[in-house]
Amino acid sequence: MHGEVMVNYWLMKSELDVYPWSQLVEDKTTHWDGVRNYQARNIMRDDMKNGDWVLFYHSNCKPPHVAGVAKVCKEGYPDFTAQDPESKYFDEKATPENPRWIMVDIEAIKEIEAVGLPELRANPSLEGMPLLQRGQRLSVQPVSAEHFAVVCQMGGLNSNCL
DNA sequence: GCCAACGTTGGC
DNA sequence: GCCAACGTTGGC
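Small disclaimer: the values here were computed from a predicted structure and weren't measured. (Residues numbered from 1 in each chain as written. Chains lettered and ligands numbered in written order. Predicted model: local features only at pLDDT ≥ 70, side-chain atom pairs only at ≥ 80, totals over all residues. Heavy atoms only, no water.)

(A) The arrangement of the environment of Q39 in detail. Assignment of secondary structure puts Q39 in helix α2 (residues 38–47). Residue Q39 is classed as exposed on the basis of its relative accessible area of 52%. C-alpha separation for the pair Q39 and P118, spaced 79 residues apart in sequence, amounts to 26 Å. (Helix = DSSP H or I, 4+ residues; strand = E, 2+ residues; numbered from the N terminus. Buried < 20%, exposed > 50% of the residue type's maximum accessible area, 1.4 Å probe, protein only.)

Following this line, the structure appears as structure tokens:
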């Protein structure tokens, strides 16, 4: 409409002991392999675009928390680990013709002060955030622009400065 | 370690 | 296409 590029916001979960934020900082960028859920795959395949912002979330730790802000730097392409028999993410149904699973690359942008799940739950301005919904367990999920800004603020980062 | 909430699989 | 059994996620 106004010639502006539409930017979207996402939250991606990583288990702290599998791939922590500190590792992404060290690597600078990484490919988000191992997602084996169709809903999450479809988001990566269809919706995530270069330049989209990502909240990097640590799950399976106490407390679970948002640890940093990342950015999509490569759009959806085949998750090659699905075709690697040596990989723990191997899927015999994945082929070069039909890769079945998709990943994106993300790039570390900015660390924030850890914002714990209890804090997130306690903040009224985050009402309706998918992460906080009962029973949700999608490892890649949408975040509204407003919620993204609030979470950054809670972590000591003014998202306007990104 | 428990278990609620899903998602997937496969027999019918 | 239903649905029971099973597997996984992930907070607690």
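Still more to cover.
(B) View of the side chain of Q141. As for its position among the elements, Q141 is in strand β6 (residues 140–143). At 2.8 Å, the side chain of Q141 and the side chain of Q136 are in polar contact. If we skip the residues at most four places from it in the chain, Q141 touches W10, L11, K13, I43, P130, L131 and Q136. (Polar contact = N/O pair within 3.5 Å; in protein donor to acceptor, adjacent residues only side chain to side chain. Contact = heavy atoms within 4.5 Å.)

(C) How the structure looks around the sheet that holds strand β1 (residues 9–15). Pairing is mixed in the open sheet, where six strands are placed in the order β2-β5-β4-β3-β1-β6. What marks the edges here is a single partner per strand, and that holds for β2 (29–31) and β6. For this sheet, the mean angle separating the axes of adjacent strands, direction not counted, is 35°. Packed onto the sheet, helix α4 (residues 145–154) meets β1, β3 (53–59), β4 (65–78), β5 (102–116) and β6 and runs at close to 60° relative to β3. (Pairing = 2+ DSSP bridges. Axes fitted to C-alpha atoms, helices over the stretch in contact; angles between N-to-C directions.)

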